[in-house]
Amino acid sequence: MNLREVLIRFKPFYIKYWKHFFIAIIGMILASVGTAGSFSAIKPIIDKIFIEKNETMLYIVPFFLVFAYLLKNCGMYLQTYYVSYIGTNILRTLRSLVLENLLRLDILFFKKHRSGELISRCTNDINALQMIVSSIIPDFLREFFTALGLLIVVIYHSPKLSFFALIVLPLVVFPLIWFARKLKKYAKRGQEKNADLLSRLSEIFSNIELVKANNTEKKEKAKFDVENSELCKIQLKNTRVDALISPLIEIFGSFGVAIVIIIGGKEVIQGVMTPGDFFTFVSALFAIYNPLKRMTSLYGKLQIAVVASERTFYLLDLKPQIQGGAKELENINHLEFKQVKFAYDEHKEVLKGIDFAFKKGEILAFVGPSGGGKTSIIGLILHFFQKKSGQILINGEELDNFSLESLRSKIALVTQDIYIFNDTIAQNIAYSGEIDEEKIIEVLKLANAYDFVMQMGGIHTEIFEHGKNLSGGQKQRIAIARALYKKPDLLIFDESTSALDNASERAIVQTIEKLKKEHLILMIAHRLSTIENADKIALLDEGKIVAIGSDEELMRFSSVYQNFKNQKDKAEL
Ligand SMILES: Nc1ncnc2c1ncn2[C@@H]1O[C@H](COP(=O)(O)OP(=O)(O)OP(=O)(O)O)[C@@H](O)[C@H]1O
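Reading the values: rules and limits
- Residues numbered from 1 in each chain as written.
- Predicted model: local features only at pLDDT ≥ 70, side-chain atom pairs only at ≥ 80, totals over all residues.
- Heavy atoms only, no water.
- Pairing = 2+ DSSP bridges.
- Helix = DSSP H or I, 4+ residues; strand = E, 2+ residues; numbered from the N terminus.
- Patch = residues over 30% accessible without salt bridge, like charges linked within 9 Å, V, L, I, M, F, W, Y side chains within 5 Å.
- Areas by Shrake-Rupley, 256 points an atom, 1.4 Å probe, with all protein chains shown as cover.
- Salt bridge = Lys/Arg side-chain N within 4 Å of Asp/Glu carboxyl O.
- Buried < 20%, exposed > 50% of the residue type's maximum accessible area, 1.4 Å probe, protein only.
- Expected span 1.5 Å × (residues − 1).
- Contact = heavy atoms within 4.5 Å.
- Near = heavy atom within 4 Å.
- Polar contact = N/O pair within 3.5 Å; in protein donor to acceptor, adjacent residues only side chain to side chain.
- Axes fitted to C-alpha atoms, helices over the stretch in contact; angles between N-to-C directions.
- Parallel < 35°, antiparallel > 145°, perpendicular 65-115°, else oblique.
- Left-handed = near helix turned anticlockwise from the far one by under 90°.
- Nonpolar A, V, L, I, M, F, W, Y, C, P; charged D, E, K, R; others polar.
- Phe/Tyr/Trp six-rings, centres within 6.5 Å; stacked < 30°, edge-to-face > 60°.

Caption draft 1: Structural context of the pairing of strand E2 (residues 348-359). Examined bridge by bridge, strand E1 (residues 334-345) and E2 share 9 bridges and lie antiparallel to one another. Among the inter-strand pairings, Asp345 is bridged to a residue of E2, identified as Lys348. The antiparallel pairing of E1 with E2 creates a hairpin that spans 2 residues between the two strands.

Here it is as structure tokens:
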């Protein structure tokens, strides 16, 4: 992306604020007229007041000067406020659009990208964009108008001297192009490193117990320091180039000023030019170099902003692979997999032709060795992933035909990793809808969580981030209550009673038995005691169902199931 493309992408954001932009431009023009006006006061001060001793001018010029400064500063105020108004609002919109688009993306996108990197892109990159919106463009315009105003003053006082003073400027352009390329490269690396740094921090804090239990604080700090020093090196490289721009302009500028003093000085000595004209000229010339210098240093910032724009617009342009169908799913009465194959990537097929069916009123349980593909089947049912081939049928119709929203609203999932928000117990349970206190209490009782919630202070008690003030079993029970609250057609429990004590587990298994009449229930469990009463048990091994039937049937006819169960029993003893 180059600057032109970035500006074109920003156009729709800017256009909405054209009125504010118009006021800001007026502010910039007022500021530049005021600045140019203040320099025009030098000539009458020297020529009229000091040389001609004109007393009337002694009272007029100060008024003129105060008026010029008033104009300049009112203009600057208008510009600063309105530009910041536009910038802040555009960034608010951008942040919200980026999150909206990220939330639309597939689960696999989040599995592939580190959360620290995504946070960095949503914060650091968008903050860097703030420069383009509320600093670079407006500052560039303001400096441009100021330079233009001063240029008019300079040329008006001596076109000939202006030519000598400004002839050196084109020489600066070539090094600037080289600098810009370097700065863009460093900006890109810097932003990537920043994302690495945030990812490392997020990893350390989310694994803090592991770090402390293994005494790896020093190791983690050392890894962080490596990334930290690399970021520092890139930033210093950037500064080395960026800091060259201003001195370069000033050195080239000094040649211009030297020529002006020689030629202009001669003209004053010869009486061709008045001292007032000469001083106005030289002061305005010195003043021109400032906006020029600032315009060129904005070039450096611009490179950071262009890279940040590239990264932000990349996120905005990402499209989800899984779109879902147009049909609304009314309810789930029957679910069937026919020869379903699935792979996360081309190299390894994870599910190799899965067949099963079950209906409302039944419990289907998946068991089998780790990595067999149980969780992947759940991902396919929720349409988190796209199957490679085969059919997934809901009430006899292809799952792909149903909208994602209607499909997911009919399913509740209790996962192995329990997700708890830093909010009240009530908000955590009523996550999918509005709070209904009676219903919350009802599901808490069903999930065997009512007693401990009451001991904690009731349903409006605050839970810490990731449920840090709850035990593993308590978290699972809150997650089960949340799933029940949704009143789904299909309830999925993925290893969701593993942290419970035997009594709690038995109570929940009884609840699940009761719920069975109204729901389809799918369970994954490593402890066979949880699923012995399931209507169907499917033994999954290396992406294939190697046995399916009730516990009784399988114990009679399936030797693989018998072996599996024997091994499990030994392991649990
Ligand atoms: N995001 C992913 N990208 C690539 N491969 C994956 C991904 N998630 C899982 N896999 C692979 O898919 C296979 C099946 O994993 P899955 O999580 O479905 O197994 P599982 O039976 O649920 O295991 P467990 O009982 O340990 O939870 C495994 O070999 C795993 O390495």
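Caption draft 2: Region of the structure containing a nonpolar patch on the surface. Residues Phe140, Phe144, Leu148 and Ile152 make up a contiguous nonpolar surface patch of roughly 360 Å² in combined accessible area. Its place among the elements puts Leu148 in helix H6 (residues 115-157). Using a relative accessible area of 37% as the deciding quantity, one classes Leu148 as partly exposed.

Caption draft 3: Structural view of helix H17 (residues 472-485). End to end, H17 covers 20 Å across 14 residues, agreeing with the expected 20 Å (1.5 Å per residue, within 8%). Those residues of H17 that sit buried are Gly473, Gln474, Gln476, Arg477, Ile478, Ala479, Ile480, Ala481, Arg482, Ala483, Leu484 and Tyr485. Buried residues along H17 sit in contact with strand E6 (411-414), helix H14 (425-429), helix H15 (437-446), helix H16 (450-456), strand E7 (490-494) and helix H18 (502-515). Among the residues trailing H17, Lys487 stands out with phi positive, at a value near 45 degrees.

Caption draft 4: Highlighting the site of the ligand. Taken together, the neighbourhood of the ligand is formed by 13 residues, with Lys348, Ser370, Gly371, Thr375 and Ser376 sitting nearest. One of the side-chain N or O atoms of Lys348 is found 2.7 Å from an oxygen atom in the ligand. The separation between an oxygen atom of the ligand and a polar side-chain atom of Lys374 is 3.0 Å. When the ligand is considered free in solution it has 640 Å² of accessible area, and contact with the protein chains removes 67% of it. Breaking the shell around the ligand down by element, the ones donating at least two residues are E2 and helix H12 (374-381). For the shell around the ligand, the leading source of residues is H12, giving 3 residues.

Caption draft 5: Broad picture of the sheet that holds strand E5 (residues 397-398). Taken in spatial order, the 4 strands make up an open sheet running E2-E1-E4-E5, and their pairing is antiparallel. Unpaired on one side and paired on the other, E2 and E5 mark the two borders of the sheet. Its contacts with the sheet place H12 against E1, E2 and strand E4 (389-394), and it is angled at close to 110 degrees to E1.

Caption draft 6: Structural context of the pattern of salt bridges. Enumeration over the complete set of coordinates arrives at 28 salt bridges. Measuring nitrogen to oxygen at the nearest pair gives 3.5 Å for the salt bridge that ties Lys184 to Glu310. On the criterion of sequence distance, the pair formed by Lys184 in helix H8 (residues 170-206) and Glu310 in helix H11 (residues 275-317) is long-range, its members being 126 residues apart. Here Lys193 ties to Glu230 by a salt bridge, and the two come within 3.1 Å at their closest N and O atoms.

Caption draft 7: Representation of the packing of helix H1 (residues 3-15) against helix H4 (residues 55-104) within the structure. In contact at an axis separation of 10 Å, H1 and H4 are set at 115 degrees when each is read in the N-to-C sense. The orientation of H1 relative to H4 falls into the category roughly perpendicular. The way H1 lies across H4 gives a crossing that is right-handed. Touching Phe10, Phe13 and Tyr14 of H1 are Ile86, Ile90, Thr93, Leu94 and Leu97, all from H4. When grouped by side-chain class, the residues that make up the contact of H1 with H4 number 7 nonpolar, 1 polar and no charged.

Caption draft 8: Seen up close, the side chain of Glu220. Of note, Glu220 is situated in helix H10 (residues 217-269). Classification of Glu220 by relative accessible area gives buried; the value is 15%. Setting aside chain neighbours within four positions, we find Glu220 in contact with Arg200, Ile204 and Val211.

Caption draft 9: Representation of the sheet that holds strand E3 (residues 363-367) in the model. Strand order across the open sheet formed by 6 strands is E6-E7-E8-E3-E9-E10, with mixed pairing between neighbours. Looking at strand neighbours, the two that pair on one side only are E6 and strand E10 (544-549), the edges of this open sheet. When strand polarity is set aside, the average angle formed by the axes of neighbouring strands in this sheet is 15 degrees. In this sheet, strand E8 (residues 520-524) lies alongside E3 in parallel orientation, the contact comprising 4 bridges. Bridging from a neighbouring strand, Leu364 pairs with Leu522 of E8.

Caption draft 10: Structural view of the packing of H15 against H17. It is the contact of H15 with H17, at a shortest axis distance of 8 Å, that shows an interaxial angle of 130 degrees. The pairing of H15 with H17 is recorded here as oblique in orientation. Judged by the twist between their axes, the crossing of H15 over H17 is right-handed. Across the interface between the two elements, Lys439, Ile440, Val443, Leu444 and Leu446 from H15 touch Ala481, Leu484 and Tyr485 from H17. Taken together, the residues that form the contact of H15 with H17 break down as 7 nonpolar, no polar and 1 charged.

Caption draft 11: Spatial organisation of the packing of aromatic side chains. Counted by the stated rule, this structure contains 20 aromatic pairs. Consider the rings of Tyr81 and Tyr82, whose centres lie 5.1 Å apart with planes at 85 degrees: the pair is edge-to-face. The class for Tyr81 is partly exposed, based on a relative accessible area of 42%. Here the aromatic rings of Phe163 and Phe164 are separated by 5.5 Å at their centres, their planes lie at 75 degrees, and the arrangement is edge-to-face. Using a relative accessible area of 26% as the deciding quantity, one classes Phe164 as partly exposed. Clustering of aromatic rings is evident, with ring pairs tying together Phe10, Phe13, Tyr14, Phe21 and Phe313.

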